[in-house]
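So you can see what is in the structure, the chains are spelled out below.
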Amino acid sequence: MDRASPAPAASSPAARPVRATWRDYLALTKPKVISLLLWTTVTAMVMAARGWPGLWLLIVVSLAGYASAGSAGVFNMIIDRDIDLKMKRTAGRPTSSGLISRRDAAIFGSTLQVGSFAALWLWATPLAAWMSLAGFFTYVVVYTLWLKRTTWHNIVLGGAAGCFPPLVGWAAVTGDLNLFAWFLFAIVFFWTPVHFWALALMIKEEYREVGIPMLPVVHGDRLTVAQIGLYAIYTVVLSVMPVFFQEVGLIYFVSALGLGGWLLVLSWRLYRHVMAGRAVERRVAVPLYLYSMLYLALLFVAGAVDRVLLG
């Protein structure tokens, strides 16, 4: 009898296929993006309760909110795998690299969404569950499947997905949505283009190469910075309006003016730079992009502090 042949090379550790780890599945959920969404959820809960909303409710809504937003991120990566492969900053995503198959990603994303909806329905409020599902639907269907590849209005209308977390937090505490809750929704809605278009200006060539009609690609830098300035004004005006409805007081009002003032300054600097005929530079676009995140986080903190201290 012949001697047993050597084990095939594929069985050696170096040749074994790489298996996805929990870190790869975590990456599917876009944790960096979710952090700000959860911040607006939690601070909205504090605003709604005018104080501490309760540890159990806070844990449930935070975990369920992460699961729902993470599920939306998973399906976004599944749908956009073809364009993610062509963009340098997204080519390494688990779905793009093939580390996680579309099937496995879909099972993972579906599990997150079902679990999130059930947890909010059972341990928060049904309205919170429906608001969370509405945010998922807006991001996956309205933005990713419909608008992203068809119109430069994609981030304006599809960006509404990021406006639902405050409604989830508010509804989880009160079981309803009052005027102030919808003001929070509107603030995020008009803030989103300011934040995203500042980024889009810096990576417009990547979008151009894959055929995504972001505003800087379709209409150029000048119209983009003009739109950024316009939406920044809308954001600041909306941010102070709750004061006149006596939903918040002096602490919030002063904070909104100060934070909004700097948002307008950075938007104006970017506008003036581009309108002078100069190409977009990171030194003028990055400060607006980064500050816009800080702006929203601090504005919501101001609202929470104001409603807790002033009742």
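Up top is the structure these notes are about.
What counts, and where the lines are drawn
Residues numbered from 1 in each chain as written. Predicted model: local features only at pLDDT ≥ 70, side-chain atom pairs only at ≥ 80, totals over all residues. Heavy atoms only, no water. Helix = DSSP H or I, 4+ residues; strand = E, 2+ residues; numbered from the N terminus. Areas by Shrake-Rupley, 256 points an atom, 1.4 Å probe, with all protein chains shown as cover. Lys, Arg positive; Asp, Glu negative; His and termini not counted. Charge placed at Lys NZ, Arg CZ, Asp CG, Glu CD. Salt bridge = Lys/Arg side-chain N within 4 Å of Asp/Glu carboxyl O. Buried < 20%, exposed > 50% of the residue type's maximum accessible area, 1.4 Å probe, protein only. Phe/Tyr/Trp six-rings, centres within 6.5 Å; stacked < 30°, edge-to-face > 60°.

Secondary structure assignment for the protein chain yields 14 helices and 0 strands. Taken from N to C terminus, the helices and strands of the protein chain fall in the order α-α-α-α-α-α-α-α-α-α-α-α-α-α. Along the first, second and third principal axes, the C-alpha atoms of the protein chain reach 95 × 55 × 30 Å. Accessible surface for the protein chain amounts to roughly 14900 Å². Of this, 67% is attributable to carbon and sulfur atoms. The average position of the 25 basic charges and that of the 14 acidic charges among the side chains of the protein chain differ by 4 Å.

What follows is about the pattern of salt bridges. Inspection of every chain in the model, using the stated rule, returns 9 salt bridges. Note that Arg149 is salt-bridged to Asp80, the shortest N-O span being 3.0 Å. Placement of Arg149 in the loop between helix 7 (126-147) and helix 8 (154-157) and of Asp80 in the loop between helix 3 (55-79) and helix 4 (81-84) is noted, with a sequence separation of 69 residues between them. Overall, the relative accessible area of 35% leaves Arg149 in the partly exposed class. Judged by its relative accessible area of 0%, Asp80 is buried.

We now examine the packing of aromatic side chains. In this description, a pair of aromatic rings is defined by centroid distance and the angle of the planes. Counted by the stated rule, this structure contains 20 aromatic pairs. Centre to centre, the rings of Trp152 and Trp197 are 6.3 Å apart; their planes meet at 40°, and the pair counts as tilted. In this pair, Trp152 is assigned in the loop between helix 7 and helix 8 and Trp197 in helix 10 (residues 179-202), connecting sequence segments 45 residues apart. On the basis of relative accessibility, which here comes to 17%, the residue Trp152 falls in the buried class. Taking relative accessible area as the criterion, Trp197 reaches 0% and is therefore assigned buried. Measuring from centroid to centroid gives 6.4 Å for Tyr291 and Tyr295, while their planes differ by 50°, and the two rings are tilted.

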